[in-house]
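Read off the chains here:
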Amino acid sequence: MNEFFQKAIDLIQIYWPMFLRGAWTTLYISIIGTVSGFIIGLLMGIIRTIPGSKKKGSIKGFLLKIINFLISAYVEIFRGTPMIVQAMVIYYGIPIVTGYQLDKFAAAMFIVAVNTGAYMSEIVRGGIVSIDKGQFEAAHAIGMNHVQTMVHVVLPQVIRNILPATGNEFVINIKDTSVLNVIAVTELFYNTNSIASSNYLYFQAFLIASVIYFVMTFTITRILRFIERKIDGPSNYVILDNQKPSVKGEVMGSGHNQVSLPKKGGTK
Amino acid sequence: MSEVISVSHLSKSFGDHHVLRDIDFTVNKGEVVCIIGSSGSGKSTLLRCLNLLEQPSGGEIYYKGQSILQDKHNLQEYCTKMGMVFQQFNLFNNHNVLNNCLIGQTTVLKRSKEEATNVTMKYLDVVGMSQYINAKPSQLSGGQKQRVAIARALSMEPDVILFDEPTSALDPEMVGEVLKVMKDLAETGLTMLVVTHEMGFAREVADRVVFMDQGVIVEEGTPEEIFENPKEGRTKEFLKRV
């Protein structure tokens, strides 16, 4: 047993820069992939909920149908095939089709982004559908167009609601970037595998890797929880005793027990 | 008196279900018109058609003499001229009271934040909610929410405010505070179109009362005419029941 740990410690002492480099690569591919995927998902959500034209046979309605079909095709294809297969097809396919050799890190981020984007599109769509219809109607009633409604009213609420699901995607991405070793991206799995095979210490090396993976995922989920709480804001609000929007007055508890009419000049 | 909205032969059907049939009526500037009638008579649908929340199936809406359904380019501007207060308040959940009133002004009317804040504070004062600008909608009572919703509509400085059963979702004790605000507004000369079940309010505040039944306007007239001497049998029957 002692010998086992000694070997693990030796591995860390010798190879820690390689472990760290791998972890860093994993992390930045996941972050860029998830954030881009999130943005793709939001854009798809905005486009997919554009209200159809009321007139039959209009150009706008026709275009929307085509775009919606393309988006559905994108979502279904990328959701329906394994990322490891997509990695092979994209990395080896793009040079053949376009004649341009893609950098493997760029390819890695692209693959994670479009993959996450496909899942996020559905998550965002679900989030938009779950927003009360009254929010859309109120925005329409004050003259907002679709994009204004989305940006100022709907998406902020959607983003709050889908943060837990986004956290899932993030964690999945940190773990699933390991499949990118098939296109020789030197992320944590790839580096660990090199270390393990050159020393014949598979158990020790991958035990270290699993600890690093766990630390990364756990940190990310904690950070997202923190962001959720930030968005929720304080549960109290301040009643002003003057008419200026300054922060003065006393902090109230929940507003629900406030049924009395506030008189001008301040009810405290 | 000048016409603000004029509706001619308006109809709306959902599939085979004809909700509105051949509606003709006008709203003049400064007038308070109350629409009464039993549930399902098409009152709310009529209001929603005026704000284009529902696309009318036929007929025409004129805004200051201009056809709305024909030339579609100024629809957004038209919507800003029609304020709307909903039964379920529909305050923006992600914004506090102040921003609920600001957001339309800054994004749609392109007012500066400073100007919009001044306008907002003026109207929040009118509805007695200026102390609560930092509160989120979820922290307010129903009556407070509805008063903020009224301030939000006022902040856009529309020509007409449409009220869609503004007190129906409120506890009885909160109905009074909202009706009082509406009464005050009526006295300032604001043009209001109110769908309501509050007969007392209609009788006291309205310049004109419209009674609807089964998708048609059965009778319209001054509150005295409708409440004291209804001509139509259906109106009499409805008023007897409420």
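This structure is a prediction, so every number in the text was calculated from the model and none was measured. (Residues numbered from 1 in each chain as written. Chains lettered and ligands numbered in written order. Predicted model: local features only at pLDDT ≥ 70, side-chain atom pairs only at ≥ 80, totals over all residues. Heavy atoms only, no water.)

Colleague: Which residues make up the overall build of chain A, and what values go with them?
Modeller: Secondary structure summary: chain A contains 8 helices and 2 strands in total. Taken across its 268 residues, chain A has 41% of its residues classed as buried. When contacts within chain A are restricted to residue pairs at least 6 apart in sequence, long-range pairs at least 24 apart make up 71% of them. Split by element, the accessible area of chain A, about 14700 Å² in all, is 67% carbon and sulfur. (Helix = DSSP H or I, 4+ residues; strand = E, 2+ residues; numbered from the N terminus. Buried < 20%, exposed > 50% of the residue type's maximum accessible area, 1.4 Å probe, protein only. Contact = heavy atoms within 4.5 Å. Areas by Shrake-Rupley, 256 points an atom, 1.4 Å probe, with all protein chains shown as cover.)

Colleague: Lay out helix 3 (residues 83-98) of chain A with the relevant residues and their values.
Modeller: Residue and element names in this part refer to chain A. Taking 1.5 Å of rise per residue, the 16 residues of helix 3 would be expected to cover 22 Å, and the 21 Å separating its terminal C-alpha atoms lies within 8% of that figure. The sharpest bend along helix 3 measures roughly 30° and falls at tyrosine 92, with the proline proline 95 sitting one to four residues further on. Looking at the packing, one finds that the buried side of helix 3 touches helix 2 (59-80), helix 4 (104-129) and helix 6 (146-176). A positive phi of about 75° marks glycine 99, the residue just after helix 3. (Expected span 1.5 Å × (residues − 1). Bend = angle between axes of the 7 residues up to and from the residue.)

Colleague: A description of the sheet that holds strand 2 (residues 17-28) of chain B should follow, citing residues and the corresponding values.
Modeller: Residue and element names in this part refer to chain B. Judged by pairing direction, the sheet is antiparallel, and its 4 strands sit side by side in the order 2-1-4-5 without closing on themselves. Lying at the two open borders of the sheet, with one neighbouring strand each, are strand 2 and strand 5 (66-67). With 5 bridges connecting them, strand 1 (residues 3-14) and strand 4 (residues 58-63) associate as antiparallel partners. Bridging across to strand 4, serine 8 finds its partner in glutamate 60. (Pairing = 2+ DSSP bridges.)

Colleague: Now, about the sheet that holds strand 9 (residues 208-213) of chain B: what can you tell me, with residues and values included?
Modeller: All names here are of chain B. The mixed open sheet is built from 6 strands, whose spatial order is 6-7-8-3-9-10. Looking at which strands have only one partner, the edges of the open sheet turn out to be strand 6 (82-85) and strand 10 (216-221). Averaged over all adjacent pairs, the angle separating strand axes in this sheet is 20°, with direction ignored. As judged from the 5 bridges shared by strand 7 (residues 160-164) and strand 8 (residues 191-195), these two strands associate in the parallel manner. Across the sheet, valine 160 pairs through a bridge with threonine 191, a residue of strand 8. Across the sheet, helix 1 (residues 43-50) lies against strand 3 (32-36), strand 6, strand 7, strand 8 and strand 9, angled at about 145° from strand 7, the strand it touches most. (Axes fitted to C-alpha atoms, helices over the stretch in contact; angles between N-to-C directions.)

Colleague: Break down the pattern of salt bridges for me, with residues and values.
Modeller: Residue and element names in this part refer to chain A. Counted according to the given criterion, the structure contains 20 salt bridges over all chains. Between lysine 133 and glutamate 137 there is a salt bridge, with its nearest N and O atoms 3.7 Å apart. Of the two residues, lysine 133 and glutamate 137 are both situated in helix 5 (residues 133-141); the distance of 4 residues between them amounts to about one turn of the helix. A salt bridge links arginine 225 to glutamate 228; its shortest N-O distance comes to 2.6 Å. Linking arginine 225 with glutamate 228, this pair stays in helix 8 (residues 202-232), spanning 3 residues, or about one helical turn. Residue class for glutamate 228 comes out buried when judged on its relative accessible area of 7%. Taken together, the salt bridges that share partners define one network made up of Arg48, Glu76, Arg79, Glu122 and Arg125. (Salt bridge = Lys/Arg side-chain N within 4 Å of Asp/Glu carboxyl O.)

Colleague: Provide a residue-level description of helix 4 (residues 113-126) of chain B, including the pertinent values.
Modeller: All names here are of chain B. Under the 1.5 Å per step criterion, the end-to-end length of helix 4 is 20 Å for 14 residues, consistent within 8% with the ideal 20 Å. Restricting attention to buried positions, one finds in helix 4 the residues Ala116, Thr117, Val119, Thr120, Met121, Tyr123 and Leu124. Buried-residue contacts for helix 4 involve helix 3 (97-107) and helix 5 (142-155). Positive phi shows up at glycine 128, right after helix 4, with a value of about 70°.

Colleague: Any chance you could break down the nonpolar core for me, citing the residues and the numbers?
Modeller: If you look at the biggest cluster of nonpolar residues, it comprises 57 residues, and the most contacted ones within it are Ile36, Leu124, Leu140, Ile150, Phe163, Met182 and Met192 of chain B. In terms of residue count, the dominant contributor to this core is helix 6 (residues 172-187) of chain B (8 residues). Not counting the four nearest positions on each side in its chain, methionine 192 of chain B is found in contact with Glu31, Val32, Val33, Ile161, Phe163, Met182, Leu185 and Ala186 of chain B. Judged by nonpolar contacts, the second largest core, of 52 residues, contains Ile142 of chain A together with Val33, Leu69 and Phe92 of chain B. (Core = buried A, V, L, I, M, F, W, Y, C linked by side-chain atoms within 4.5 Å.)

Colleague: Report on unusual backbone geometry, specifying residues and quantitative values.
Modeller: Among all residues save glycine, negative phi is the norm, and among peptide bonds the norm is trans. All names here are of chain B. The phi dihedral of asparagine 90 is positive, around 55°, even though this residue is not glycine. For asparagine 90, the location among the structural elements is in the loop between strand 6 and helix 3. When its relative accessible area of 6% is taken as the criterion, asparagine 90 is described as buried. Within the chain, glutamate 157 stands out as a residue other than glycine whose phi angle is a positive 45°. By the secondary structure assignment, glutamate 157 is in the loop between helix 5 and strand 7.

Colleague: Let's hear about the interface of chain A and chain B: which residues, and what values?
Modeller: Listed as interface residues are 41 residues of chain A and, on the opposing side, 43 residues of chain B. When chain A packs against chain B, close to 3500 Å² is buried across both sides, 54% of that on carbon and sulfur atoms. Put simply, chain A and chain B have 1 salt bridge between them. Between glutamate 137 of chain A and arginine 48 of chain B there is a salt bridge whose closest N-O contact spans 2.7 Å. The tally of links from chain A across to chain B stands at 11 residue pairs in polar contact (both at pLDDT 80 or more). Among the elements of the structure, helix 5, helix 6 and strand 1 (237-239) of chain A are those that each provide at least two residues to the side of chain A that touches chain B. Per-element tally for the side of chain A that touches chain B: the top contributor is helix 5 of chain A, with 8 residues. (Buried area = accessible area lost by both parts, 1.4 Å probe. Polar contact = N/O pair within 3.5 Å; in protein donor to acceptor, adjacent residues only side chain to side chain.)

Colleague: Please give an account of the UniProt feature "transmembrane region" (unreviewed entry) in chain A that cites residues and values.
Modeller: In the numbering adopted here, UniProt assigns the feature "transmembrane region" (unreviewed entry) to residues 27-47, 67-94 and 200-220 of chain A. In residues 200-220 of chain A, the share of helix is 90% and the share of strand is 0%. The end C-alpha atoms are 32 Å apart. (UniProt positions renumbered as here; feature names shortened; annotations may be inferred.)

Colleague: How would you explain the packing of aromatic side chains if you had to name every residue and give the values?
Modeller: According to the stated counting rule, one finds 9 aromatic pairs over all chains in the structure shown. For the pair phenylalanine 189 of chain A and phenylalanine 206 of chain A, a centre-to-centre distance of 5.6 Å together with 45° between the ring planes defines the contact as tilted. Of the two residues, phenylalanine 189 of chain A sits in helix 7 (residues 188-199) while phenylalanine 206 of chain A sits in helix 8, which places them 17 residues apart along the sequence. On the basis of relative accessible area, phenylalanine 206 of chain A is assigned to the partly exposed category, the value being 25%. Feature note: the residues Phe4, Phe5 and Phe203 of chain A constitute an aromatic cluster, connected by ring pairs. One Lys or Arg, arginine 152 of chain B, reaches over the ring of phenylalanine 92 of chain B and ends 4.6 Å from the middle of that ring. (Phe/Tyr/Trp six-rings, centres within 6.5 Å; stacked < 30°, edge-to-face > 60°. Lys NZ or Arg CZ within 6 Å of the ring centre and 35° of its normal.)

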